[in-house]
Amino acid sequence: MSAPVRTTNDLRLGLLRQPGTVLFGPGQRHHLARLLPAYGGRALFCTDERMAADPVYRELVAGVEEAGTKVTTYAKVEPDLPRQNLEAVARAHDGDEFDVVVAVGGGSVLDFAKVAAILLAQGGDVAALYGENVVPAAGLPLVTLPTTGGTGAEATCISVVYDDERSMKVGIASAWLEAAATIIDPEFTLTCPPSLTTATAADALTHLVEAFTARAKNPTSADLDAHLYAGKNLLADTWARQGLRLVRDAFPRMAADPADLGARSDTMLAAFSAGLAINTAGTAAAHAIQSPIGALTHSAHGLGVGALLPYVLRFNLPTRIEELAEVADLIGVAPAGGSAEAAAHAAVEGIESLLATIGCPLDLAALGLRPEHVEQVADQAMLATRLTANNPRELERADVVRILERGIAGDRSWWT
Ligand SMILES: [Fe+2]
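Let me sum up the structure you'll find in this document. (Residues numbered from 1 in each chain as written. Predicted model: local features only at pLDDT ≥ 70, side-chain atom pairs only at ≥ 80, totals over all residues. Heavy atoms only, no water.)

**Some details on the overall build of the protein**
(1) Moving on: Scanning the protein for helices and strands turns up 16 helices and nine strands.
(2) Moving on: For 416 residues, the compact-globule formula gives about 22 Å, and the C-alpha radius of gyration of the protein, at 20 Å, lands near that figure.
(3) Moving on: In terms of overall dimensions, the protein has a C-alpha envelope of 60 × 45 × 45 Å along the principal axes.
(4) Moving on: Across the 416 residues in the protein, those meeting the buried criterion constitute 55%.
(5) Moving on: Long-range pairs, those at least 24 residues apart, make up 80% of the contacts in the protein with a sequence separation of at least 6.
(6) Moving on: Here the protein displays about 15,700 Å² of accessible surface, and carbon together with sulfur accounts for 51% of that area.
(7) Moving on: Taking the average place of the 32 positive charges on the side chains of the protein and the average place of its 49 negative ones, the gap between the two points comes to 2 Å. (Helix = DSSP H or I, 4+ residues; strand = E, 2+ residues; numbered from the N terminus. Rg over C-alpha atoms; globule rule 2.2 N^0.38 Å. Buried < 20%, exposed > 50% of the residue type's maximum accessible area, 1.4 Å probe, protein only. Contact = heavy atoms within 4.5 Å. Areas by Shrake-Rupley, 256 points an atom, 1.4 Å probe, with all protein chains shown as cover. Lys, Arg positive; Asp, Glu negative; His and termini not counted. Charge placed at Lys NZ, Arg CZ, Asp CG, Glu CD.)

Here is the structure:
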């Protein structure tokens, strides 16, 4: 195993990338009708079949149309965003003119709309956009309305697409994917199925922790120009801190009563905060290792990153004592008068407790991962270099194997 390397933000760098307008609050979705005319009179609404049939969605569209915007709905977005969904929307609306794209849904719908807005403005092939900073120019203005609490996709400028020709998920990451506006209405999440509530809340917590404990990269000006992710930085930290403070009480309250709008609201604000944090800090090892696990076991992204987090954090602990000790404070589990190391251990256990509270498994066998999968998952995780390079501790293939073996066994009896 490699020696721990601690990286600090020597530049005192801060970097924030966010939607131009952010409106948050229960019932605020109704403001969409007033927001849209400024973009022009023709909107393409993107959603999935579940939401399109929901009376809440129909009422939203009726209000928008009443205010004078012509709405066309595309409701065929599927989970995990197959590439064909994007090719289909470009074909279906070839030659149609829209002024604005509106996304109402979970992570896949929001990711879909970010790329659809580019394709509808510029045409071309989806695969030609894969990678970091490859999108050549702005697309149509995009308004995001998340319905889960949440992936943070309403705030991020990355889309994750499943390409079946390559049998893998690929990212399209570009500042041109940033939404012009987002309206975050926690009332949407009241009808979320429990499994989706668990998976998206676990994803949000993982985003907060991975951004706050990410490697600080001290990028040069040329690095900042070439890459979207600057690693741990002051402005991402402010949002990560806010999110961690919120989940402390919101998760137990939401688990006790899924109809608690205040808890739903705090969870959604935490998820948005997490989205802003990862939009410049990036995610790290838990996300790198989850992707091949998800492809193999078809387990939800949020459950996968959540179940990996206890093992990844134990591995990262020697490089992030100070940051994890602060996490212990933020989530209210710091032992009185203890050492920073004791506080860091308490933070990891406190995060596990929050994950368990919302129903996220704390081992990888629960996702369907078996010992015979370990070598293949380790190989593929190491290919996600954008994410592994963001991990605070150098991550070698042998480290991933050990994280996976312990994760499958549910062995959390170790530190570092
Ligand atoms: Fe995630």
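**Some words on the packing of helix α12 (residues 321-330) against helix α13 (residues 340-357)**
(1) Moving on: Taken N-terminus to C-terminus, the directions of α12 and α13 make an angle of 60°; their axes are 7 Å apart at the nearest point. Between α12 and α13, the angle is such that the two are oblique. Like other packed secondary-structure pairs, α12 and α13 cross with a definite hand, here left-handed. Counting all contacts with α12, which are made through I321, L324, A325, V327 and A328, the residues of α13 involved are A340, E341, A343, A344, A347, V348 and I351.
(2) Moving on: Looking at the contact of α12 with α13 residue by residue, the class counts come to eleven nonpolar, no polar and one charged. (Axes fitted to C-alpha atoms, helices over the stretch in contact; angles between N-to-C directions. Parallel < 35°, antiparallel > 145°, perpendicular 65-115°, else oblique. Left-handed = near helix turned anticlockwise from the far one by under 90°. Nonpolar A, V, L, I, M, F, W, Y, C, P; charged D, E, K, R; others polar.)

So far we have only geometry, and geometry alone does not tell us how the molecule works.
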